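As a plain string of letters, each chain reads:
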Amino acid sequence: MQDDPTAIWVGYAWADEPRNHGVVVVTGDDQEAVNKSAEQLANSFWEARNQFEFVAPVGSLDESLEQAINSDTRPYIISDMGDNPTAGGAGDVSWTLNELLQRDEFKKPDGPSVIYASIPGPKLIENAANLEVGSYVEGFVGAAVDDRYAGPIFLKGIIQSIKTGDRYAETEIVVKTGSISVIVTKKRKPYHHEKDFTDLDLNPRETDIVIVKIGYLVPELYDMNKGWIMALTPGGVDQDLNRLGYKRIKRPMFPLDEFNEDPDLSAQLVPVSQ
C-alpha cells in the first residue's frame, strides 16, 4: 500500500444534499490493509469531532461591533461571514448593513469611522450615472438575490468616490451615510486587498472598523488588522449551521444531532472504476 492515496473528504456544510457528509477514502490493492486503514482513520476522525473549532475569535454581530467600537487600535476588522461570496454566498445579503444603519453610534459623521465592503446596488449605481463626487444619491441596494433575512435597503448619502471599469464590480461608488462609508457595486465583488480600498480613496489603515464579506482573512488583510473577529451573520454560508434549516441531508448528522451511540464506521468496499 505504499504511496496509495488516503484522504478525508470533509464535505461542504452549506449544500443541503444527501451526499453531503464527511467520508474517509482509502485506495489500494490489499483489501485487508485498505479496510484496516479506512476504519482506523474513520474512528480517529469521529473521536476528534468535538475538538474542531474556529481558528479565530467569533461572536454575534453585536458582540463583534462592541469589541470593535471599544478597541484602542485601528483598523478593527469584522468578517461578515454569512454572506461571503468567495465561499458560495450571494454577496448581496443586506442584513448586516441594515443592522449597522440602525445603530446610533454610526448615525453621525463624527461617530466611529466604518468601511462596509460591500453591497451590490445596480439601481443606486444607475441613479448616480450623471452625478459627481460630493453629490447626494439615493437608491435601493442589496437583497436582489437573497432576501431571506432582510429586504433591499433604501440607501442615501453623499458620494465619496466613483470608479468604473473594475473587472468584477464594473462600477463602484462609495456612499457616506453618518460615519459609514458603504461600497456599492454594480456586480458583487469581494474586497481582499488594500488596493481595493485605496483605489476608492479610502484608507482602511486609518479607519476604526472595516467590515468585509469574507471568512478567514487573506494575508494582506490579516497583516493590516489590529483586531479581528468573525461575526456569525446570517446568509447562504452561515457558520451557525443550526440556522441553515437542512431538509435533505441524511440524519443523524454531527454536529446537528445527538448521538446516543457511535455510528457504524466499518469499511465499505467500492468496485474499481474502469
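One can find the structure itself at the top, above this paragraph.
Criteria and cut-off values
Residues numbered from 1 in each chain as written. Predicted model: local features only at pLDDT ≥ 70, side-chain atom pairs only at ≥ 80, totals over all residues. Heavy atoms only, no water. Pairing = 2+ DSSP bridges. Helix = DSSP H or I, 4+ residues; strand = E, 2+ residues; numbered from the N terminus. Contact = heavy atoms within 4.5 Å. Axes fitted to C-alpha atoms, helices over the stretch in contact; angles between N-to-C directions. Expected span 1.5 Å × (residues − 1). Buried < 20%, exposed > 50% of the residue type's maximum accessible area, 1.4 Å probe, protein only. Arc of directions from axis to C-beta. Polar contact = N/O pair within 3.5 Å; in protein donor to acceptor, adjacent residues only side chain to side chain. Core = buried A, V, L, I, M, F, W, Y, C linked by side-chain atoms within 4.5 Å.

**What to know about the sheet that holds strand β8 (residues 170-177)**
Part 1: Read across the sheet, nine strands follow the order β3-β11-β4-β10-β5-β9-β8-β7-β6 without closing on themselves; strand pairing throughout is mixed. Because the sheet does not close on itself, it has two edges, and the strands there are β3 (58-59) and β6 (136-141).
Part 2: The sheet strands contacting helix α2 (residues 61-69) are β3, β4 (76-80), β10 (209-212) and β11 (227-231), and the helix crosses β4 at an angle near 165°.

**Points about helix α1 (residues 31-47)**
Part 1: Under the 1.5 Å per step criterion, the end-to-end length of α1 is 24 Å for 17 residues, consistent within 8% with the ideal 24 Å.
Part 2: Within α1, the full set of buried residues consists of V34, A38, A42 and W46. Around the axis of α1, the buried residues are gathered within 85° of arc, so they sit on the same side. Exposed and facing more than 90 degrees away from the buried side of α1 are E32, K36, Q40 and E47.
Part 3: Elements that come into contact with the buried residues of α1 comprise β2 (23-26).
Part 4: The N-cap of α1, judged by a side-chain oxygen 3.2 Å from the amide nitrogen of E32 a few residues on, is D30.

**Here's the deal with the nonpolar core**
Part 1: In terms of nonpolar packing, the biggest core is built from 28 residues, with I78 and V184 touching the most fellow members.
Part 2: In this structure, I115, F197, L221 and W228 belong to the second largest nonpolar core, which totals 19 residues.

**Overview of the environment of E170**
Part 1: Relative to the helices and strands, E170 resides in strand β8.
Part 2: Residue classification places E170 among the partly exposed positions, given a relative accessible area of 29%.
Part 3: When the C-alpha atoms of E170 and A143 are compared, they prove to be 19 Å apart, with 27 residues separating the residues in sequence.
Part 4: When neighbours within four sequence positions are excluded, E170 is seen to be in contact with K163, T164, G165, K186 and K187.
Part 5: A distance of 3.0 Å separates a polar atom in the side chain of E170 from a polar atom in the side chain of K187.

**Examining α2**
Part 1: Looking at α2, one finds that the buried residues are L61, S64, L65 and A68. Buried residues along α2 cover an arc of 95° about the axis, so they all sit on one side.
Part 2: Along its buried surface, α2 packs onto β3, β4, α3 (95-102), β10 and β11.

**With respect to unusual backbone geometry**
Part 1: Here R251 and P252 are connected by a cis peptide whose omega angle stands at 0°.
Part 2: Looking at where P252 falls in the secondary structure, it is placed in the segment after β11.
Part 3: In this model, F254 is joined to P255 through a cis peptide bond whose omega is 5°.
Part 4: Although it is not a glycine, A143 sits at a positive phi angle of roughly 60°.
Part 5: Considering the arrangement of structural elements, one finds A143 in the loop between β6 and β7 (153-166).
Part 6: Overall, the relative accessible area of 7% leaves A143 in the buried class.
Part 7: A positive phi angle is found at E170, which is not glycine, with a value near 70°.

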